[in-house]
Amino acid sequence: TRTSRPQRILKAVQRKATVGDPQSVITAIDHFCRHREWAMNVGDEKGSILDSVVNEVSPVTVLELGTYCGYSTVRIARLLPPGACVITLEFNPDYAAIARQVIKWSGLEDKVQLVEGASGDCIPWMKEHFGVQAFDLVFLDHWKERYLPDTKLLEECGLIQKGTVLLADNVICPGTPDYLEYVRNSPRYNSHYYRSHLEYTKAEDGLEKSVFLGY
Ligand SMILES: O=C(NC/C=C/[C@H]1O[C@@H](n2ccc(=O)cc2)[C@H](O)[C@@H]1O)c1cc([N+](=O)[O-])cc(O)c1O
Ligand SMILES: [Mg+2]
């Protein structure tokens, strides 16, 4: 049978990127998705905004919801200092297997913990299993209808504390209206919209950054 799109993305990384060079992995995926096959990576334009938020927050513990092929995992992990790490949740075992190889090719496996499972099942175990007190940064890029329930679950589990930054992809396209309404109207979040474009296209999309102000 035909290879899958994630398998073709991994092939592009193995053909074009240098082992141990995260930037070359990012560049290889962006080139493939811009010139060969579109794929739902956050991409280079929104990726630069992601980079600036990671640099501003300088997080010690990051949670990423939705690994897919590991593109944004690599973008985040390459900016983390020694001792900091990103825990990334992936539901689809085939995507997880590809992402592990992409992350390994970039040489960042020591900064990444890829957990296979559904966010709703994994989040309640974060404190106990991974010794996480609270996340400094959460990057939401998984199923759009899960953004709001998972944010509420993270709050309930005490994994979002004063100063935690939520950064959500696709708040315009495909859109996460209930999540946007929540973070923009809640007195406990300070929200800002970074206008951009849907990865590799001219369509509008953007990232919403929401800082938790505490209870
Ligand atoms: O649908 C989109 N993303 C859904 C992503 C879902 C990913 O999150 C994982 N997951 C991990 C944990 C879970 O609990 C559930 C799913 C899934 O297994 C998948 O790897 C999307 C769509 C467009 N688009 O233009 O159509 C653009 C984008 O940037 C997007 O992110
Ligand atoms: Mg996305």
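You'll find the structure just up there.
To keep things clear, this report deals only with the structure shown in the data block. Each chain carries its own residue numbering, running from 1 in the written order of its sequence. The lettering of chains begins at A and the numbering of ligands begins at 1, in the order of writing. Residues qualify for local features only when their pLDDT is at least 70, as the model is predicted, and side-chain atom pairs are given and counted only at 80 or more; totals for whole chains, interfaces and linings, by contrast, use all residues. Hydrogens and water molecules were not included; the side-chain quantities draw on all heavy atoms of the structure.

## Some thoughts on the overall build of the protein chain
Thinking step 1. A run of H or I in DSSP counts as a helix once it spans at least four residues, and a run of E counts as a strand once it spans at least two, with each numbered from the N terminus. A tally of helices and strands in the protein chain yields 10 helices and 7 strands.
Thinking step 2. Rg of the C-alpha trace for the protein chain: 16 Å, near the compact-globule value of 17 Å for 215 residues, within the 12% margin.
Thinking step 3. C-alpha atoms of the protein chain, sized along the principal axes, occupy 50 × 40 × 35 Å.
Thinking step 4. Here the protein chain holds 215 residues, and 54% of them are scored as buried.
Thinking step 5. Look at the contacts in the protein chain between residues 6 or more apart in sequence, and 72% of them connect residues 24 or more apart.
Thinking step 6. Think of it this way: Lys and Arg go in the positive column, Asp and Glu in the negative one, and His and the chain ends go nowhere. Charge positions come from single atoms, namely NZ of Lys, CZ of Arg, CG of Asp or CD of Glu. The averaged location of the 28 negative side-chain charges in the protein chain is 5 Å from the averaged location of its 24 positive side-chain charges. We compute the radius of gyration from the C-alpha atoms alone; for a globule the expected value is 2.2 Å times N to the 0.38, where N is the number of residues. Under the scheme applied here, a residue whose accessible area is under 20% of the maximum for its type counts as buried, over 50% as exposed, and between as partly exposed, the area being computed with a 1.4 Å probe on protein chains only. By definition in these notes, contact holds between two residues if any of their heavy atoms fall within 4.5 Å.

## What about the coordination of the magnesium ion (ligand 2)?
Thinking step 1. Coordinating donors are taken as N, O and S atoms within 2.8 Å of the metal, stretched to 3.2 Å for Na, K and Ca; because water is absent from the atoms, sites can appear incomplete. Protein coordination of the magnesium ion (ligand 2) is provided by Asp141 (OD), Asp169 (OD) and Asn170 (OD1), with donor distances spanning 2.0 to 2.2 Å.
Thinking step 2. All donors of the magnesium ion (ligand 2) belong to a single chain; written as a sequence motif, their spacing is D-x27-D-N.
Thinking step 3. On the accessibility criterion, Asp169 (0% relative accessible area) is buried.
Thinking step 4. For Asn170, a relative accessible area of 4% gives the class buried.

## Section: the sheet that holds strand β3 (residues 112-116)
The strands that make up a sheet pair up through hydrogen bonds in the backbone, lying either parallel or antiparallel.
Thinking step 1. In this scheme, strands are said to pair when DSSP sees at least two bridges between them. What the 7 strands build is an open sheet, ordered β3-β2-β1-β4-β5-β7-β6; its pairing is mixed. Strands at the two margins of the open sheet, each flanked by one partner only, are β3 and β6 (189-197). Averaged over all pairs of adjacent strands, the angle between their axes in this sheet comes to 15°, without regard to strand direction.
Thinking step 2. Where strand β1 (residues 61-65) lies against strand β2 (residues 85-90), 5 bridges are found, and the strand directions are parallel. Residue pairing for β2: Glu64 is matched across the bridge by Thr88.
Thinking step 3. Helix axes use the C-alpha atoms of the stretch in contact, all axes being lines fitted to C-alpha atoms, and the angles between their N-to-C directions lie in the range 0 to 180 degrees. Against the sheet, helix α8 (residues 147-156) contacts β1, β4 (137-140), β5 (165-168) and β6, and its axis sits at roughly 160° relative to β4.

## Details of the site of ligand 1
Thinking step 1. Neighbouring ligand 1 are 21 residues, the closest being Glu90, Ser119, Lys144, Asn170 and Glu199.
Thinking step 2. At 2.8 Å, a backbone N or O of Ser119 approaches an oxygen atom of ligand 1.
Thinking step 3. At 2.9 Å from an oxygen atom of ligand 1 is found a side-chain nitrogen or oxygen belonging to Asp141.
Thinking step 4. Against a free-state accessible area of 660 Å², the protein chains account for coverage of 87% of ligand 1.
Thinking step 5. Nonpolar residues are Ala, Val, Leu, Ile, Met, Phe, Trp, Tyr, Cys and Pro. Charged residues are Asp, Glu, Lys and Arg, and all others, Gly as well, are polar. Here the shell around ligand 1 is built from residues that sort into 10 nonpolar, 6 polar and 5 charged. Nearness here has a simple test: a residue counts as near a molecule or strand if at least one of its heavy atoms is within 4 Å of that partner. Residues adjacent in sequence count toward polar contacts only when both atoms are side-chain atoms; beyond that, a polar contact is any pair of N or O atoms within 3.5 Å, and within protein one must be able to donate a hydrogen and the other to accept it. Note that accessible areas follow from Shrake-Rupley with a 1.4 Å probe, and for residues the cover is restricted to the protein chains shown.

## Some remarks on the pairing of β2
Thinking step 1. Among the 6 residues of β2, 5 are classified as buried, and the element is accordingly described as predominantly covered.
Thinking step 2. Where β2 and β3 come together, 5 bridges link them in parallel fashion. Opposite Glu90, over in β3, you have Glu116 as the bridge partner.
Thinking step 3. Here a crossover is taken to be right-handed if, once the strands point away from the viewer, the path from the first strand over the helix to the second is traced clockwise. The handedness of the β2 to β3 crossover, carried by helix α5 (residues 93-106), is right-handed.

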